[in-house]
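Tertiary structure, described
Each chain, letter by letter, is given below.
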Amino acid sequence: MKVFVLTGAGISAESGIPTFRGDDGLWEGHRVEDVATPQAFQRNPKLVHEFYNKRRRFLQNESVVPNLAHQALAEFERDHDDEFLLVTQNIDDLHQRAGSRQVLPMHGELLKARCTLTGDVIEWRDDLTVDTVHPTEPDLVGTLRPHVVWFGETPIGLDQIADFAQRCDLFIAIGTSALVYPAAGIVQSTGPHCRCVEINLDDTPQSSHFDTALRGKASVEVPRFLQSL
């Protein structure tokens, strides 16, 4: 059984990481257009860096740890004897910390930086500023940006995602609002033989495309469902 798992903000919310945006449409007090687009970075790189620096520091707080849902997925992958792919919309590293290996972070990774000139992707845990020097290219100053896919940019690994969606036997969407494309459309690209399961607190715009809907906290429903397989 080839298993495809998609996770969204809901799985990390139980680890204390704020979900994508609030009911007021703001992302931690900012308009998305001001902190999560290439244009925003060109217009005000200082603000964008400060926004992600705060989130990067928070992610490394000792209180932020993988929860039972992250752990259950890692254990399932370890014991699974067929193909497995975990695509996450989250930019945290909680799946990796829990022990998951086949992780595709389609929206990038907060603990990495990318050079806007060379394309280098670098492990990065400190703050970034407009004065940050490229660690291996000392002549490059201020060229590093968060390794995060912003609105208007192409998510990572789309070909791999599309291929596996066609081939998988089980697709599980966990804690995703099904509002952000292309991730929201993955369920509709699965093959006719695939069983599709949605685990979420509430119904989503894509719920009707799933065979099974499980409502509740990911930390409860994910381990329970995986145990039933």
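Structure first, text after, so check above.
Bear in mind that the values here come from a model prediction, so they are computed numbers and not experimental data.

Description of helix 5 (residues 68-79)
Taking 1.5 Å of rise per residue, the twelve residues of helix 5 would be expected to cover 16 Å, and the 16 Å separating its terminal C-alpha atoms lies within 8% of that figure. Among the residues of helix 5, those classed as buried are Ala69, His70, Ala72, Leu73, Ala74, Phe76 and Glu77. Contact partners of the buried residues in helix 5: strand 1 (3-7), helix 1 (9-13), strand 4 (84-88), helix 6 (94-98), strand 9 (170-174) and helix 8 (218-228). The opening residue of helix 5, the one whose side-chain oxygen lies 2.8 Å from the backbone nitrogen of alanine 69, is asparagine 67.

Describing the pairing of strand 6 (residues 108-115)
With seven of its eight residues buried, strand 6 lies for the most part within the structure. For strand 6 and strand 8 (residues 144-148), the ladder comprises four bridges, and the chain directions are antiparallel. Opposite glycine 108, over in strand 8, you have valine 148 as the bridge partner. Relative to strand 7 (residues 121-123), strand 6 runs antiparallel, the two being bridged by three bridges. Counterpart to lysine 112 in the pairing with strand 7 is glutamate 123. The turn joining strand 6 and strand 7, which pair antiparallel and follow one another in sequence, is formed by five residues; a positive phi near 80° is taken by glycine 119.

Topic: unusual backbone geometry
Each neighbour pair has its own omega, and for tyrosine 181 with proline 182 the value is 10°, a cis peptide bond. Topologically, proline 182 is positioned in the loop between strand 9 and strand 10 (195-200). Despite not being glycine, alanine 178 has its phi angle at roughly 60°, a positive value. For alanine 178, the position within the fold is in the loop between strand 9 and strand 10.

Comments concerning the state of the cysteines
On inspection of all chains with the given rule, the structure shows zero disulfides. Free of any disulfide, cysteine 194 has its nearest cysteine sulfur in cysteine 168, 3.6 Å distant.

Quick notes on the sheet that holds strand 8
Within the open sheet, the three strands sit side by side as 7-6-8. Their pairing is antiparallel. This sheet does not close on itself; its edge strands, each paired only once, are strand 7 and strand 8. Averaged over all adjacent pairs, the angle separating strand axes in this sheet is 45°, with direction ignored.

Points about the pattern of salt bridges
Taken as a whole, this structure holds 13 salt bridges when the rule is applied. When the shortest N-O distance is used, the salt bridge between arginine 31 and aspartate 34 registers 3.1 Å. Across the salt bridge formed by lysine 46 and glutamate 50, the nearest N and O atoms sit 2.7 Å from each other. Of this pair, lysine 46 and glutamate 50 both sit in helix 4 (residues 45-59), four residues apart, roughly one helical turn. A network of salt bridges, in which partner residues are shared, links Arg31, Asp34 and Arg43.

Points about the side chain of histidine 70
The residue histidine 70 is located in helix 5 in this model. From its side chain, histidine 70 meets the backbone nitrogen of asparagine 67 in a polar contact 3.1 Å long.

Structural notes on the sheet that holds strand 5 (residues 103-105)
With parallel pairing, six strands are arranged side by side in an open sheet as 5-4-1-9-10-11. The sheet terminates laterally at strand 5 and strand 11 (212-215), the two strands that pair on one side only. If you compare each strand with its neighbour and ignore which way they point, the axes differ by 15° on average.

Thoughts on the environment of lysine 46
Relative accessible area serves as the criterion here: at 53%, lysine 46 is assigned to the exposed category. Placed 44 residues apart in sequence, lysine 46 and lysine 2 show a C-alpha to C-alpha distance of 44 Å.

What counts, and where the lines are drawn
- Residue indices begin from 1 for each chain and proceed along its sequence in written order.
- Owing to the predicted nature of the model, reporting of local features is limited to residues with pLDDT of at least 70; listing and counting of side-chain atom pairs is limited to 80 or more, with chain, interface and lining totals taken over all residues.
- Excluded from the side-chain calculation are hydrogens and water; included are all heavy atoms of the structure.
- Numbering of helices and strands starts at the N terminus; helices are DSSP runs of H or I of at least 4 residues and strands are runs of E of at least 2.
- The span you would expect from a helix comes to 1.5 Å times its residue count less one.
- When a residue's accessible area, from a 1.4 Å probe over protein chains only, is under 20% of the maximum for its type it is buried; when over 50% it is exposed; and in between it is partly exposed.
- Should any heavy atoms of two residues lie within 4.5 Å, those residues are counted as being in contact.
- Residues adjacent in sequence count toward polar contacts only when both atoms are side-chain atoms; beyond that, a polar contact is any pair of N or O atoms within 3.5 Å, and within protein one must be able to donate a hydrogen and the other to accept it.
- Note on pairing: DSSP must find at least two bridges between two strands before they are called paired.
- When two cysteine sulfur atoms are found within 2.5 Å, that pair is recorded as a disulfide.
- To define axes, lines are fitted to C-alpha atoms, for helices over the stretch in contact only, and angles between the resulting N-to-C directions are given on a 0 to 180 degree scale.
- One speaks of a salt bridge when a side-chain nitrogen belonging to Lys or Arg is within 4 Å of a carboxyl oxygen belonging to Asp or Glu.

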